[in-house]
Amino acid sequence: MTNSPEAPFGRVLTAMATAFHDDGSVDLEGTARVAAHLVEHGHDGVVVSGTTGESPTTSVAEDGQILSAVRDAVGDRATVVAGVGTNSTAHSVELAEQAQKLGADGLLLVTPYYNKPGQVGVLHHFRQVAEATDVPVMLYDVPGRTGTQISLDVYEQAIAWESVVAVKDAVGDFARGVKIMQMGYALYSGDDVNTLGWLAHGAAGVVSVVGHAAGDETRAMIDAFLAGDHAGALEIFTRLLPAIDAVMGVPNYGATTAKAALQLLGVLDNRNVRGPLVALDDDELAALRAGLAASGLLRN
């Protein structure tokens, strides 16, 4: 792992998928296999129970089981960040306390979604959850999913709390991101297509989705950039664009495409998801296969 104050959770993380059995129950063995696959392919860390992990559909007990299975699978080879953000502060506090007990290295805390609190409410929510444990916190700013963007004022106040150290940014405003980093945050790209641009602006790394299939390549791109080989990093990024487009190019991207990619790679034997998501159909799977192949990620 390449953890440092500049990259407190490592450089390459993926918001990993949660495997399910055909009956819809959590497949802990399959989930552990996904985590091991990521760690063996360029990752410094994994994020469990995020959106890609289908956290809106998993219970507190299931989240604990998933975290424990992944913690056991990766050992000390990678950081394990637990998604604890919900639209209920009490629920998020419960998840945070559970994550600390089960050995999480970090917490991913998204803005409350659907109920769309104002900035005072966002700050209150963050504070209640952050102060519930002493586990390092990565805030998650993804207004496209939550309907709420974190204000710069909230960022300025939250960085004063000892446990808040990073942000996963899916806003994509580079100039705004530089201001956030100047406050003291380690910034992680929350969109694969923006990772190279974020690195050029001083970001720590990425919380990826495409990393399910392109962990080694994402690692090589970041390593090349940090070593000063910007042309080499751009070449890798350009090669990955078909895969990025394929993974992120369907309406229900994330869990659906990540699991289908893992199935194509032989890591999982199915691409089961929980409703309201629906697994990729044959045409969508063929398009995903073509995109991964065009990026050199399918070698069979």
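Residues numbered from 1 in each chain as written. Predicted model: local features only at pLDDT ≥ 70, side-chain atom pairs only at ≥ 80, totals over all residues. Heavy atoms only, no water.

- The name an unreviewed UniProt entry assigns to the protein is 4-hydroxy-tetrahydrodipicolinate synthase, from the organism Nocardioides koreensis.
- Turning to the protein, the UniProt annotation filed under Subcellular location (unreviewed entry) states: "Cytoplasm". (UniProt positions renumbered as here; feature names shortened; annotations may be inferred.)

**Remarks on the sheet that holds strand E8 (residues 205-208)**
Consideration 1: Taken together, the 8 strands give a closed barrel; going around it, the order is E1-E2-E3-E4-E5-E6-E7-E8, and neighbouring strands pair in parallel fashion. On average, each strand axis in the sheet is tilted by 25 degrees relative to the strand beside it, whichever way the strands run.
Consideration 2: Bridge count for strand E2 (residues 45-48) against strand E3 (residues 79-83) is 4 bridges, and the pairing is parallel. Looking at E3, one finds that Val46 is bridged to Val80.
Consideration 3: Sheet strands touched by helix H2 (residues 60-74): E2 and E3. Its angle to E3, the strand with the most contacts, is close to 170 degrees. (Pairing = 2+ DSSP bridges. Helix = DSSP H or I, 4+ residues; strand = E, 2+ residues; numbered from the N terminus. Axes fitted to C-alpha atoms, helices over the stretch in contact; angles between N-to-C directions. Contact = heavy atoms within 4.5 Å.)

**Regarding the UniProt feature "active site" (unreviewed entry) in the protein**
Consideration 1: What UniProt calls "active site" (unreviewed entry) maps, in this numbering, to Tyr140 and Lys168. These annotated residues cover 29 residues of sequence, and their C-alpha atoms lie no more than 4.7 Å from one another, placing them together at a single site.
Consideration 2: Discounting residues that sit within four places of it in the chain, Tyr140 has contacts with Leu108, Leu109, Val110, Thr111, Ile150, Lys168 and Ala170.
Consideration 3: Tracing the backbone through its elements, the reader meets Lys168 in strand E6 (residues 164-169).
Consideration 4: When its relative accessible area of 5% is taken as the criterion, Lys168 is described as buried.
Consideration 5: Those residues in contact with Lys168, other than ones at most four positions away along the chain, are Ala15, Leu108, Met138, Leu139, Tyr140, Asp141, Tyr188, Gly190 and Val207. (Buried < 20%, exposed > 50% of the residue type's maximum accessible area, 1.4 Å probe, protein only.)

**Here we look at the side chain of Thr14**
Consideration 1: Structurally, the position occupied by Thr14 is in strand E1 (residues 12-15).
Consideration 2: When its relative accessible area of 0% is taken as the criterion, Thr14 is described as buried.
Consideration 3: Excluding its chain neighbours within four sequence positions, the residues that come into contact with Thr14 are Leu38, His43, Gly45, Val46, Val47, Val207, Ser208, Gly211 and His212.

**A closer look at the side chain of Arg11**
Consideration 1: Tracing the backbone shows Arg11 in the segment before E1.
Consideration 2: Nearest to the buried, unbridged Arg11 among oppositely charged side chains is Glu6, at 5.5 Å.
Consideration 3: From its side chain, Arg11 meets the backbone oxygen of Ala204 in a polar contact 2.8 Å long. (Lys, Arg positive; Asp, Glu negative; His and termini not counted. Salt bridge = Lys/Arg side-chain N within 4 Å of Asp/Glu carboxyl O. Polar contact = N/O pair within 3.5 Å; in protein donor to acceptor, adjacent residues only side chain to side chain.)

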